[in-house]
Amino acid sequence: MGYEARMRAKADALREKGSAVILSVESSCDETAIAVVENGRVERANAIASQIDVHALYGGVVPEIASRMHVEAIDPLLDEALKQAGLSLSEIDAVAVTYGPGLVGALLTGVSWAKALAYAADKPLIPVNHIEGHVSANYVAHPDLEPPFVCLVASGGHSHIVNVTRYGSYELLGRTTDDAAGEAFDKVARVLNIPYPGGPLLDKLADEGDDHAYKFPHPHTPGKYDFSFSGLKTAVINQAHNLRQQGKEIDAKDWAASFRRCVVDLLVDKTLAAALDTGAKRVAVAGGVAANSLLRSELERRGKRAGLEVYIPPKRLCTDNAVMIGSAAFYRMMAGELAPLSLNALPALSMFG
Ligand code: KG4
Ligand code: ZN
């Protein structure tokens, strides 16, 4: 029997048993990560090598550097993850890998490495969509959470409002028509001379500022649940330049607080409207921007006031990691999905049909 037929038999047996320990690999952007996750819910290991310090020197992710650093980081991460889990490779049931969306070279590093590992260790290989991974961080953080629920996914590359109708089944309710929320945070942070990635530091600075100090335009958005950040971002950056040209220094804390307030209000308004209109009882949040402290507190406060159950993962599961990939992989495998050895990286992979 060839590898693929053998793997199908192994995956069928795991599906029948209803349980699996999955080793998952994430390398779509500037974090290399390997995790071990049991039954889609229990985090057994979470090993991460971040490249942020290196990319910060260039003001953003340099794809070629990212790919090379993934190659260097990945082998030691396997040892670390197995050690954290207290397992040997033979005790792992399956290997999972992010195959898109993301930077092609970065994705390819993880995909080829995971294919080699799965083949050599004779384990089934499960393909995972990175955005689906972000949503699934909620399953690890909240063992009681089950679909259906509405989820805001806001990261450096994506901003979506998603209706999770069943495990692995997603309906797009709203999306950004231009920049992602994280991208807007990072670009506005730049005018405040905050190093890449600006989102987390801008968030800290904003905690000490007055969010009414500056007035920014309310962005016009085409669809009821869609976002647009590009106009707001440009207006905010231009206003900073104009003030500086007039010799006026801007107050970075107030500036950060006023901008954060605008973005968070927009994200929360639209997410709650989408959740309430679709009759959802639960609302969740995911992606790097879900680490934003105001977004977390506002979604919690306003979501509860609207009668919804609110699910927010811990910050470390919001930013890129492989635990979320291991969780999504479990439900993919339970639905009968496996990757062939010809699996390729798909930089523009969608999770909607
Ligand atoms: O999900 P993620 O780690 O990577 C992508 O898949 O893009 O998201 C990274 C993005 C960056 O733009 C970063 O600035 C933003 O998430 N981010 C934040 C915060 N923490 C991370 N944005 C605002 N406030 C934060 N606390
Ligand atoms: Zn991400």
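Scroll up for the structure.
Since the model is a prediction, treat every value here as computed from it, not as a measurement.

Engineer: Help me understand the packing of helix 6 (residues 181–191) against helix 7 (residues 198–207) in this model?
Structural biologist: For any two helices packed against each other, one specifies the inter-axial angle together with the distance between the axes. Taken N-terminus to C-terminus, the directions of helix 6 and helix 7 make an angle of 65 degrees; their axes are 8 Å apart at the nearest point. Looking at the two axes, helix 6 sits roughly perpendicular to helix 7. Of the two elements, helix 6 crosses helix 7, and the hand of that crossing is left-handed. Residues F185, D186, V188 and A189 of helix 6 lie in contact with helix 7, whose contacting residues are G198, G199 and L202.

Engineer: What should I look at first to understand the pairing of strand 9 (residues 282–286) in this one?
Structural biologist: Successive side chains on a regular strand alternate, one facing one side of the sheet and the next facing the other. The element strand 9 is largely enclosed, with a buried count of four among its five residues. The pairing of strand 9 with strand 10 (residues 309–311) spans three bridges and is parallel. Residue pairing across strands places R282 opposite E309, the latter belonging to strand 10. For the segment spanning strand 9, helix 10 (residues 293–305) and strand 10, crossover handedness is right-handed.

Engineer: Got a minute to help me understand the site of ligand 1 in this structure?
Structural biologist: Near ligand 1, the surroundings consist of 19 residues, among which G156, D186, D203, G288 and N292 are the closest. Here G199 contributes a backbone N or O atom positioned 3.2 Å from an oxygen atom of ligand 1. A291 has a polar backbone atom sitting 3.4 Å from a nitrogen atom of ligand 1. For the shell around ligand 1, the elements supplying multiple residues, two or more each, are helix 5 (130–141), helix 6 and helix 7.

Engineer: Please explain helix 10 as it appears in this structure.
Structural biologist: Since there are 3.6 residues in each turn of an α-helix, residues three or four apart along the chain are aligned in direction. With 13 residues, helix 10 ought to run about 18 Å at 1.5 Å a step, and its terminal C-alpha atoms sit 18 Å apart, in line with that. Turning to helix 10, its buried residues are L294, L295, R296, E298, L299, R302 and G303. As for helix 10, its buried residues are in contact with strand 6 (149–154), helix 7, helix 9 (252–277), strand 9, strand 10 and helix 11 (315–318). Measuring from the side-chain oxygen of the N-cap residue of helix 10 to the backbone nitrogen of L294 gives 3.1 Å; that N-cap residue is N292. Positive phi appears at G307, one or two residues downstream of helix 10, with a value of about 85 degrees.

Engineer: I tried to follow the pattern of salt bridges on my own but got confused; where do I start?
Structural biologist: Opposite charge on two side chains lets them pair, provided their charged atoms get close. Enumeration over the complete set of coordinates arrives at 22 salt bridges. With its nearest N and O atoms 3.0 Å apart, the salt bridge here joins E43 to R316. Of this pair, E43 sits in strand 3 (residues 42–50) while R316 sits in helix 11, and the two are 273 residues apart along the sequence. Two residues, E132 and R332, come together in a salt bridge whose shortest N-O distance is 3.0 Å. A residue pair is termed long-range when its members are at least 10 positions apart, and E132 in helix 5 and R332 in helix 12 (residues 323–334) qualify at 200 residues. Residues E132 and R332 agree in their burial class; the two are buried.

Engineer: Looking at this structure, how should I read unusual backbone geometry?
Structural biologist: Most peptide bonds take the trans configuration, and most residues that are not glycine carry a negative phi. Between P147 and the following residue, P148, the backbone shows a cis peptide bond with an omega angle of 5 degrees. Inspection of the secondary structure assignment puts P148 in the loop between helix 5 and strand 6. Positive phi, normally seen in glycine, also occurs at D122, with a value near 60 degrees. Structurally, the position occupied by D122 is in the loop between helix 4 (104–121) and strand 5 (125–129).

Engineer: Looking at this structure, how should I read the sheet that holds strand 2 (residues 31–38)?
Structural biologist: Hydrogen bonds between backbone atoms are what pair the strands of a sheet, whose relative direction is either parallel or antiparallel. The sheet built from five strands is open, its strands ordered 3-2-1-4-5 with mixed pairing. At either end of the open sheet lies a strand with only one pairing partner, and these are strand 3 and strand 5. In this sheet, neighbouring strand axes are inclined to one another by 20 degrees on average, regardless of whether the strands run parallel or antiparallel. In the sheet, strand 2 pairs with strand 3 via eight bridges, with the strands oriented antiparallel. Bridged to V36 within strand 3 is A45. Contacts between helix 5 and the sheet are confined to strand 1 (21–26), strand 3, strand 4 (94–100) and strand 5, with strand 5 contributing the most and set at about 95 degrees to the helix.

Engineer: Please clarify how the environment of T165 should be interpreted in this entry.
Structural biologist: As for its placement among the helices and strands, T165 is situated in strand 7 (residues 159–166). By relative accessible area, which is 33% here, T165 ends up partly exposed. Between the C-alpha atom of T165 and that of P147, which follows or precedes it by 18 residues, the distance is 5.8 Å. Discounting residues that sit within four places of it in the chain, T165 has contacts with P147, P148, Y170 and E171.

Engineer: Explanation requested: the environment of V128 in the structure shown.
Structural biologist: Mapping V128 onto the fold places it in strand 5. Exposure remark for V128: the relative accessible area of 0% places this residue in the buried category. Once residues within four sequence positions are removed from consideration, V128 is found in contact with A96, V97, T98, Y99, G100, I325, A328 and A329.

Engineer: How do you make sense of the side chain of S24 when you look at a structure like this?
Structural biologist: Locating S24 in the fold gives a position in strand 1. Judged by relative accessible area, which is 0%, S24 ranks as buried. Reaching out from S24, the side chain makes a polar contact with the backbone nitrogen of G326 at a distance of 3.4 Å. Setting aside residues up to four positions removed in sequence, S24 forms contacts with A33, I34, A35, A96, A322, I325 and G326.

Thresholds, definitions, all that
- Residues numbered from 1 in each chain as written.
- Chains lettered and ligands numbered in written order.
- Predicted model: local features only at pLDDT ≥ 70, side-chain atom pairs only at ≥ 80, totals over all residues.
- Heavy atoms only, no water.
- Axes fitted to C-alpha atoms, helices over the stretch in contact; angles between N-to-C directions.
- Helix = DSSP H or I, 4+ residues; strand = E, 2+ residues; numbered from the N terminus.
- Parallel < 35°, antiparallel > 145°, perpendicular 65-115°, else oblique.
- Left-handed = near helix turned anticlockwise from the far one by under 90°.
- Contact = heavy atoms within 4.5 Å.
- Buried < 20%, exposed > 50% of the residue type's maximum accessible area, 1.4 Å probe, protein only.
- Pairing = 2+ DSSP bridges.
- Right-handed = clockwise from strand over helix to strand, strands pointing away.
- Near = heavy atom within 4 Å.
- Polar contact = N/O pair within 3.5 Å; in protein donor to acceptor, adjacent residues only side chain to side chain.
- Expected span 1.5 Å × (residues − 1).
- Salt bridge = Lys/Arg side-chain N within 4 Å of Asp/Glu carboxyl O.

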